[in-house]
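Architecture at a glance
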Protein chains: 2
Amino acid sequence: MSETLLSSRNLAFELYEVLDAEALTRRERFADHSRGTFDAALDTARSVAEKYFAPHNRKGDEEEPQYVDGAAQLIPEVKPAVEAFLEAGFHNATRDFEQGGMQLPTLLSQACFAHFQAANVGSAAYPFLTMGAANLIESFGSDAQKRRFLQPMIEGRFFGTMALTEPHAGSSLSDIRTRAEPADNGSYRIRGNKIFISGGDHPLGENIVHMVLAKLPDAPPGVKGISLFIVPKFLVNEDGSLGARNDVTLAGLFHKMGYRGTTSTALNFGDQGHCVGYLVGQPHHGLAYMFQMMNEARIGVGMGAVMLGYAGYLYALDYARQRPQGRLPDGKDASAPQVAIIQHPDVRRMLLAQKAYVEGAFDLALYAARLVDDSQTLADADERRAAGELLDLLTPVVKSWPSSHCLKANELAIQVLGGHGYTREYPVEQYYRDNRLNPIHEGTHGIQSLDLLGRKVGQNGGAALKQLTRLIQATCAEAAGHPALEPLRAPLEQLLGHLSTVTMALLGDLLQGEVNRGLANSALYLDAFGHAVIGWRWLEQAVRAQRGLDAGQAADADFYRGKLQAARYFLTWEVPACHHALSLLEARDDTCLTMADAWF
Amino acid sequence: MSETLLSSRNLAFELYEVLDAEALTRRERFADHSRGTFDAALDTARSVAEKYFAPHNRKGDEEEPQYVDGAAQLIPEVKPAVEAFLEAGFHNATRDFEQGGMQLPTLLSQACFAHFQAANVGSAAYPFLTMGAANLIESFGSDAQKRRFLQPMIEGRFFGTMALTEPHAGSSLSDIRTRAEPADNGSYRIRGNKIFISGGDHPLGENIVHMVLAKLPDAPPGVKGISLFIVPKFLVNEDGSLGARNDVTLAGLFHKMGYRGTTSTALNFGDQGHCVGYLVGQPHHGLAYMFQMMNEARIGVGMGAVMLGYAGYLYALDYARQRPQGRLPDGKDASAPQVAIIQHPDVRRMLLAQKAYVEGAFDLALYAARLVDDSQTLADADERRAAGELLDLLTPVVKSWPSSHCLKANELAIQVLGGHGYTREYPVEQYYRDNRLNPIHEGTHGIQSLDLLGRKVGQNGGAALKQLTRLIQATCAEAAGHPALEPLRAPLEQLLGHLSTVTMALLGDLLQGEVNRGLANSALYLDAFGHAVIGWRWLEQAVRAQRGLDAGQAADADFYRGKLQAARYFLTWEVPACHHALSLLEARDDTCLTMADAWF
């Protein structure tokens, strides 16, 4: 049977041939693990995802959450699916054994989660959001807060959200207006309105713990005046039992293009003046705390975008193999049987592009997860720090590149299916609609580009960028001289060289205070940088695939040849196409900057 | 008030400054027309579109047609809208005065139709499909057929469809299986199944006239064995009164991603064995006839794609001007007011790209309509033929380029609106979904690319291509030497030169029988060719805008400067990016061709 979520052969290639997951088992934290326990977790993820999540993916889209009497109602299939996820313990995949967790590396937990994102991103979001909120309390909450709010999340009884966006502020968090007034008992009274809060209401658990950004009365202006609060839907007594309903109101639901299974809510805090919140950590440090959650979330968004692209690719591939239509241009005999559409070069182009996008981005998302592990569990402190810095640099790419290119893969999947792809009788149009959220939430594409060029690239004297450059050069050195790999290496080195020149020039602008000029075309920079990174990951995959081929693993020869051909597609079709954008950056092209509002 | 359908200033620019619509009034057929009658028709189109079509655009999406008791039910708003369209006589816009038509040039009729496509493409499709069917009967039907089927269409009582696609054949028309057996009375008995028939059932008129492709018993194999039949939903008596229900059954409705207002139907012909059809023209010539309708339809699809992009652009532009959010990168004062998002360079980039795509494609679609007029009403027969040849060459571009790039514009419009753009509370996500059909129907993108490179470019010894090249060179010559235009001319000439080299090489392959090799990357060729054509149209617009500026029309200075800036965006950002694809074509890159099925 065809695989529908992801290719398990490709996953094994990533984990055991490219990213050396087994090496992690030699670290103390993962010493109880082995390839066997890893594979068992992956098998469970696949089977829970296939059995409980995939079957209602379309229904969750067709019958989106309803606002009934001030609450959000979901289709009945969501609850047993989420319960199966919790039952299997995936929400505690990386948590300590003592806490009841699986103590898995993040690399493995992300690989497990990927199955749920491919199967049903709308339902999977509920536990995913909860994990983010739980990790935030774990890192920055007090012991009492952990007992009352984190523990029930670990037990799968409470859910969580992150509540940042406000109607008038959107991406501009420094402009939020939600206020927190100190109350007598050390708690706070919260008042404000939030929108686009995913999972802001649902009937899946006993309680929902909102992680809310708000401003204290003495807050300095801007992002330095934002604090973080726990605001539960139901108050929680000292003994852990549920208290009264807190003053958090579901004001309404948004009706989205896709991703419909996840409630997107407008929440009012303190309409009645008695919304209770609890300060997390220090006053005015809320945004820094939230960034931990957002960085995790951005990697999660990247992987989610990959998996929607991946599911679409696998469906289109299967369809193209089954569906007969037409003949090749040189086949003039109209009475000859029709060929499968995968025989048409243009269909192959569309499939090869999808493969290059989704398998390239999948590798990057897993590589980022591996960096999380390295930043936490490498023996050497300097190496841990270096891994963290590289992860920081790559985060905007991990979030953005899959969000734009795996979306493009979804668009190509629709095209492969033609008229059928355009109907809701087939799944690919929903994958597109679901994926269209990813370039928007958790920081838009434009915001990620400012983060990359305006902050990450120059951080610590460019230390992370230098590290990345060395890693890319090392892969190029491995490829050098091999006849099959040499033609793939050259375009990557050319792009890297051009990118370095441009980076130095733009950082120069920023250093000289020419901020608007230097950042004017940051979106072009993000795209070119992303292509260099994905190009590197493809060359890395090609090196490993060639190694597999050279080792004469006959059963896998087709798999490895496909890898090499997709690498060739990406490195010779896509990578060289970036030079024009880099030239525009190099020339400080001001076409967009100088377009006056009145001229439109 | 902001305009929501299209910019009337831009339309006037196109008609009267770029395409010289007034010159048409000096031709005999249009002698009764003037700029005044043209503008009156456009005003009527705008007002009917705004009043009757735009208001239910969202509702038509939310409440899609329902299958009830073997018939398709529509929301009640469609019928009065279509009646207002018919009442105003737009379905007869180009028809002779004696037939009750407006005898307008196609240039003007397309400009009128554009308003309806922007307002509500789902409802507008019903009269548009009817016009296509009517024109087919007018060109190839017998006098009796015209009396019985065309005349009621002209009177607005009957509707029409084109019924080509079959479940097992899709784009491969040579494989259709619908059969037509001669009956005693000169009619035929039709038997077969068609899918994706737009407007295949609805309650808008007295009757629906299906133009059906089917094969006669003695048909040779392939496309040379296809005949065209009139198959009415209700039989029509000699006196024009309706007879019995014909044996055409609505088997079901497709549920689409967008374009939901238009029924997409599965039709069964002859389930009961008594489906009556009437042969149009000669046996086995059906596909040639149908191509007249398809060529018209392809221009219509191109314009429809433009207008969905256009409506999205105008909405995003208005939103970006109104919506405050954040500050520029150099604005460090968090207490300063937020700026309108149009101030952010990346938002300007997204708006400028949309403007470049939709106004460039709008110009091309109108230019193609002007070529229809030239091919029919120029005084000189050779010039008429030349215009027809050029139109033929450009048709795949007119269909495809807007379908891919104005769709991209819709994607950017969603991004400009951010989270709001992703909700169904705003119109832009629907524009994307509606537009996503356009690269699929009336010949997919891949099929258009084979038509362009495999047929059109080399036709008549490349006569049309030579004509196009001369026209582009003439525009370049007009731009040469002018300081503002010179930087725009150069990239176009470079692309044209590279394209010519590649074209010669690929045509050489085809002449030598290397068909699969020559056509392997035809989609890349279509994209590059399309960019050259749109680049030319932008240079043409820039020349006219510069003329307007030089004439010192102060009130229009902003408009002209916007045109020049959009031309600069397209010619310096987009046009030079095509060279890499041309290099792949030149090298006969076989990455897609050699990717084996088993390697995926």
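Keep in mind that what you see is a predicted model, and the values were worked out from it rather than measured.

Attention now goes to the overall build of chain A. Helix and strand counts for chain A stand at 18 helices and 12 strands. C-alpha atoms of chain A, sized along the principal axes, occupy 80 × 60 × 60 Å. Sorting the 600 residues of chain A into buried and exposed places 64% on the buried side. Pairs at least 24 residues apart make up 74% of the contacts formed inside chain A by residues separated by at least 6 positions. Element-wise, carbon and sulfur atoms account for 51% of the exposed surface of chain A, whose accessible area totals about 20,400 Å². Within chain A, the 69 negative side-chain charges are centred at a point lying 2 Å from the centre of the 55 positive side-chain charges.

Attention now moves to the pattern of salt bridges. In a structure, side chains of opposite charge can pair up when their charged atoms sit close to one another. For the coordinates displayed, the defined rule picks out 80 salt bridges over all chains. A:E478 is paired through a salt bridge with A:R547; the nearest N and O atoms lie 2.8 Å apart. Residue A:E478 is located in helix α13 (residues 459–479), and its partner A:R547 is located in helix α16 (residues 522–550); the two are separated by 69 residues in the primary sequence. A salt bridge links A:R568 to B:D590, with the shortest nitrogen-to-oxygen separation between them at 2.5 Å.

All names here are of chain B. Per the counting criterion, the structure on display carries 14 cavities of 30 Å³ or more. Taken as a whole, the second largest cavity encloses approximately 110 Å³ of empty space. What lines the second largest cavity is a set of 19 residues, and nearest its centre among them are G60, D61, G122, R260 and G261. Of all elements in the fold, only α4 (57–62), α6 (106–140) and α11 (428–435) reach the threshold of two or more residues within the lining of the second largest cavity. Split into classes, the residues belonging to the lining of the second largest cavity amount to 6 nonpolar, 8 polar and 5 charged. Residues from two domains meet in the lining of the second largest cavity; each of domain 1 (8–65 + 74–145) and domain 2 (158–284) gives at least three.

Per the UniProt record, "domain: Acyl-CoA dehydrogenase/oxidase N-terminal" (unreviewed entry) is annotated on residues 41–156 of chain A. Measuring from the first to the last C-alpha atom of residues 41–156 of chain A gives 18 Å, for a span that is 66% helix and 5% strand.

Attention now goes to the relation of the copies chain B and chain A. Rotating chain B by 180 degrees and moving it 0.0 Å along the rotation axis overlays it on chain A with an RMSD of 0.0 Å. Seen this way, the second copy is the image of the first under a two-fold rotation axis. Within chain B, the C-alpha atom positioned nearest to the axis of rotation is that of B:A577, 3.5 Å from it. Of the interface residues in chain B, 100% have counterparts in chain A that sit at the interface too, so the contact is made through matching surfaces.

By size, the foremost hydrophobic cluster in this structure holds 312 residues, and its most contacted members are A:F362, A:Y525, A:F529, B:F362, B:Y525 and B:F529. Sequence-distant contacts of A:Y525, that is, excluding residues within four places in its chain, are made with A:L452, A:L453, A:V457, A:L499, A:V502, A:T503, A:L506 and A:L585.

What follows deals with the domain arrangement of chain A. The extent of an interface is frequently quoted as the accessible surface area lost upon association of the parts. Each assigned domain of chain A is listed here: domain 1 (8–143), domain 2 (146–284) and domain 3 (445–592). Using only C-alpha atoms to locate each centre, domain 2 of chain A and domain 3 of chain A end up separated by 40 Å.

We now examine the interface of chain B and chain A. Each side of the interface is counted separately: chain B has 96 residues, and chain A has 96 residues. When chain B packs against chain A, close to 8,300 Å² is buried across both sides, 56% of that on carbon and sulfur atoms. Of all residues in chain B, B:Y422, B:W573 and B:F600 bury the most surface against chain A, accounting for 11% of the area lost on that side. Inspection of the region where chain B meets chain A yields 62 residue pairs in polar contact (both at pLDDT 80 or more). In terms of residue count, helix α17 (residues 557–574) of chain B provides more of the side of chain B that touches chain A than any other element does, 8 residues in total. Looking at the side of chain B that touches chain A residue by residue, the class counts come to 43 nonpolar, 28 polar and 25 charged.

In this section: the packing of helix α10 (residues 381–421) of chain B against α11(B). Residues and elements named next belong to chain B. Contact geometry for α10 and α11: axes closest at 8 Å, N-to-C directions at 155 degrees. Our classification of the angle between α10 and α11 gives roughly antiparallel. Considering how the two elements wind past one another, α10 and α11 form a crossing that is left-handed. Taking contact as the criterion, the partners of C406, L407, N410, E411, A413, I414, L417 and G421 in α10 are, on α11, V428, E429, Y431, Y432 and N435. When grouped by side-chain class, the residues that make up the contact of α10 with α11 number 8 nonpolar, 3 polar and 2 charged.

As a further point, take α11(B). For α11(B), the buried fraction is high: 8 of the 8 residues fall into the buried class. For α11(B), the full list of buried residues reads B:V428, B:E429, B:Q430, B:Y431, B:Y432, B:R433, B:D434 and B:N435. The elements touched by buried residues of α11(B) are α10 (381–421) and α11 (428–435) of chain A together with α4, α6, α8 (286–322) and α10 of chain B.

Let's shift gears to the environment of B:W538. Residues and elements named next belong to chain B. Relative to the helices and strands, W538 resides in helix α16 (residues 522–550). The sequence separation of W538 and M350 amounts to 188 residues, and the corresponding C-alpha distance is 18 Å. Contact partners of W538, with chain neighbours within four places excluded, come to K355, A356, E359, G360, K563, A566, A567, F570 and L571. Reaching out from W538, the side chain makes a polar contact with the backbone oxygen of A356 at a distance of 2.8 Å.

Taking 1.5 Å of rise per residue, the 26 residues of helix α14 (residues 486–511) of chain A would be expected to cover 38 Å, and the 37 Å separating its terminal C-alpha atoms lies within 8% of that figure. Downstream of α14(A) by one or two residues, A:G513 has phi in the positive range, about 80 degrees.

Right, let's get into unusual backbone geometry. Positive phi is not limited to glycine here, since A:Q103 has a value of about 50 degrees. When you line up the elements, A:Q103 lands in the loop between α5 (78–87) and α6 (106–140).

We now examine the packing of aromatic side chains. Aromatic rings in a pair are described by how distant their centres are and how their planes are angled relative to each other. Residues and elements named next belong to chain A. For the coordinates displayed, the defined rule picks out 47 aromatic pairs over all chains. Considering the side-chain rings of F53 and F85, the 6.4 Å spacing of their centres and the 65 degrees angle between planes classify their relative orientation as edge-to-face. Taken together, the residues F53 in helix α3 (residues 35–53) and F85 in helix α5 connect sequence positions 32 residues apart. The buried category is assigned to F85, whose relative accessible area is 0%. An angle of 75 degrees between the planes, with centres 5.0 Å apart, marks the rings of F53 and F116 as edge-to-face. Of this pair, F53 sits in helix α3 while F116 sits in helix α6, placing them 63 residues apart in sequence.

What counts, and at which threshold
Residues numbered from 1 in each chain as written. Chains lettered and ligands numbered in written order. Predicted model: local features only at pLDDT ≥ 70, side-chain atom pairs only at ≥ 80, totals over all residues. Heavy atoms only, no water. Helix = DSSP H or I, 4+ residues; strand = E, 2+ residues; numbered from the N terminus. Buried < 20%, exposed > 50% of the residue type's maximum accessible area, 1.4 Å probe, protein only. Contact = heavy atoms within 4.5 Å. Areas by Shrake-Rupley, 256 points an atom, 1.4 Å probe, with all protein chains shown as cover. Lys, Arg positive; Asp, Glu negative; His and termini not counted. Charge placed at Lys NZ, Arg CZ, Asp CG, Glu CD. Salt bridge = Lys/Arg side-chain N within 4 Å of Asp/Glu carboxyl O. 1 Å grid on protein atoms, 1.4 Å probe; cavity = no way out; pocket = protein on both sides within 12 Å on 5 of 7 lines; lining within 4 Å. Points joined across faces, edges and corners; volume = space filled by probe spheres on them. Nonpolar A, V, L, I, M, F, W, Y, C, P; charged D, E, K, R; others polar. Domains from an automatic or database assignment. UniProt positions renumbered as here; feature names shortened; annotations may be inferred. Least-squares fit on C-alpha atoms with pLDDT ≥ 70 in both. Core = buried A, V, L, I, M, F, W, Y, C linked by side-chain atoms within 4.5 Å. Buried area = accessible area lost by both parts, 1.4 Å probe. Polar contact = N/O pair within 3.5 Å; in protein donor to acceptor, adjacent residues only side chain to side chain. Axes fitted to C-alpha atoms, helices over the stretch in contact; angles between N-to-C directions. Parallel < 35°, antiparallel > 145°, perpendicular 65-115°, else oblique. Left-handed = near helix turned anticlockwise from the far one by under 90°. Expected span 1.5 Å × (residues − 1). Phe/Tyr/Trp six-rings, centres within 6.5 Å; stacked < 30°, edge-to-face > 60°.

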